[in-house]
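This is what each chain is made of:
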Amino acid sequence: MKRRVRLPLLHLGVSAVLVGLALALILLLWYPAPLGHLDGIHFVVLLIIGVDLCLGPLLTLVVSSEHKRGAVLARDLAVIAALQLGALTYGLVTAYVARPAYLVFNADRFDTVAINELARTTDEARPAIDARLTGPQWVQALPPGNIELRNQLLFSAVRGGPDLKHYPELYRPWPSDVFAVRPRLRGLEELRLDAGQKAVLDEALAVRQLAPHQVAYVPLKGRERNGLVLLDRTDLRYLATLDLPPNY
């Protein structure tokens, strides 16, 4: 097989494997559906696909002339590989630091909270951070018992600074205070969904063999879009996250 055909195909195969592994890490582990959509990770995904899967092999096709000397070709391929590696590294690092490490129940909804948001908290909070690489943790943020600290948090949130959800030392396993959560539950009958959205909800209930009266929902606020968290009314057990706007 000629060099102009062989090298781009080989490059495409290697790139496809690396891109597949990177996307599996991002979309299956760090941003399990639909969190990738809610937190707007599509830019990073398109960057990795565009540079590493499309542009790299295309550039290899351009430089793989049959008449080019081996040393010159090796230099060109090294430059292309460096470009791809840089894009892949940038994409993975960006996705990693911005990943939703915690889904925090905060007052009346869940919020996605990333590691780079927790970096804005106090030094005393950092040792309490226990972010896993295997996906987000479901927690509940409980207001501090100290009135002075509670007021500081309130004023900070009003000024656009760190809120209750940014302090991991206030996190407790979900659900810790069921009495604070139950008044915030909303019935599925409150949702105003179109036919397509209703089909998504019905399918989620059918898969879990649940009737609508057994399920409640709480809004989920992502960085770019909002969704729903379905909970079992009986024990507040997490059931599913749906990419449906909580219109109520």
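See the structure shown above.
Residues numbered from 1 in each chain as written. Predicted model: local features only at pLDDT ≥ 70, side-chain atom pairs only at ≥ 80, totals over all residues. Heavy atoms only, no water.

A. Looking closely at the environment of L21. Inspection of the secondary structure assignment puts L21 in helix α1 (residues 3-30). Spatially, the C-alpha atoms of L21 and Q137 are 23 Å apart, while their sequence positions differ by 116 residues. (Helix = DSSP H or I, 4+ residues; strand = E, 2+ residues; numbered from the N terminus.)

B. Local environment of unusual backbone geometry. Residue A33 is joined to P34 through a cis peptide bond whose omega torsion reads 5°. Note on placement: P34 falls in the loop between α1 and α2 (35-38). Cis geometry marks the peptide bond from W174 to P175, where omega comes out at -15°. Tracing the chain through its elements places P175 in the loop between β4 (171-173) and α7 (178-181). Although it is not a glycine, A107 adopts a positive phi angle of roughly 70°. Take A107: it is sitting in the loop between β1 (100-106) and β2 (109-114). Residue L236 is not a glycine yet carries a positive backbone phi of 60°. Judged by relative accessible area, L236 falls into the buried class, the value being 0%. (Buried < 20%, exposed > 50% of the residue type's maximum accessible area, 1.4 Å probe, protein only.)

C. Representation of the packing of α1 against helix α4 (residues 70-97) in the model. Direction vectors running N to C along α1 and α4 enclose 10°, while the axes themselves pass 11 Å from each other. Classed by the angle they form, the pair α1 and α4 counts as roughly parallel. Two secondary-structure elements touch here, α1 through R3, L7, H11, S15, A22, L25, I26 and W30 and α4 through L73, L77, I80, Q84, L88, L92, A95 and Y96. Its residues assigned to classes, the contact of α1 with α4 comprises twelve nonpolar, three polar and one charged. (Axes fitted to C-alpha atoms, helices over the stretch in contact; angles between N-to-C directions. Parallel < 35°, antiparallel > 145°, perpendicular 65-115°, else oblique. Contact = heavy atoms within 4.5 Å. Nonpolar A, V, L, I, M, F, W, Y, C, P; charged D, E, K, R; others polar.)

D. Seen up close, the packing of aromatic side chains. What the rule picks out here adds up to seven aromatic pairs. Arranged with centres 5.4 Å apart and planes meeting at 45°, the rings of F105 and W174 form a pair that is tilted. Taken together, the positions of F105 in strand β1 and W174 in the loop between β4 and α7 put the pair 69 residues apart, joining distant regions of the chain. By relative accessible area, F105 is classed as buried at 3%. Members of the aromatic cluster, joined through ring pairs, are F105, F110, W138, W174 and Y238. The positively charged end of R99 is found above the aromatic ring belonging to Y96, 4.1 Å away from the centroid. (Phe/Tyr/Trp six-rings, centres within 6.5 Å; stacked < 30°, edge-to-face > 60°. Lys NZ or Arg CZ within 6 Å of the ring centre and 35° of its normal.)

E. Seen up close, a nonpolar patch on the surface. Residues L10, V14, V17, L18 and L21 make up a contiguous nonpolar surface patch of roughly 480 Å² in combined accessible area. Residue position: L18 is located in helix α1. Its relative accessible area of 45% is what places L18 among the partly exposed residues. (Patch = residues over 30% accessible without salt bridge, like charges linked within 9 Å, V, L, I, M, F, W, Y side chains within 5 Å. Areas by Shrake-Rupley, 256 points an atom, 1.4 Å probe, with all protein chains shown as cover. Salt bridge = Lys/Arg side-chain N within 4 Å of Asp/Glu carboxyl O.)

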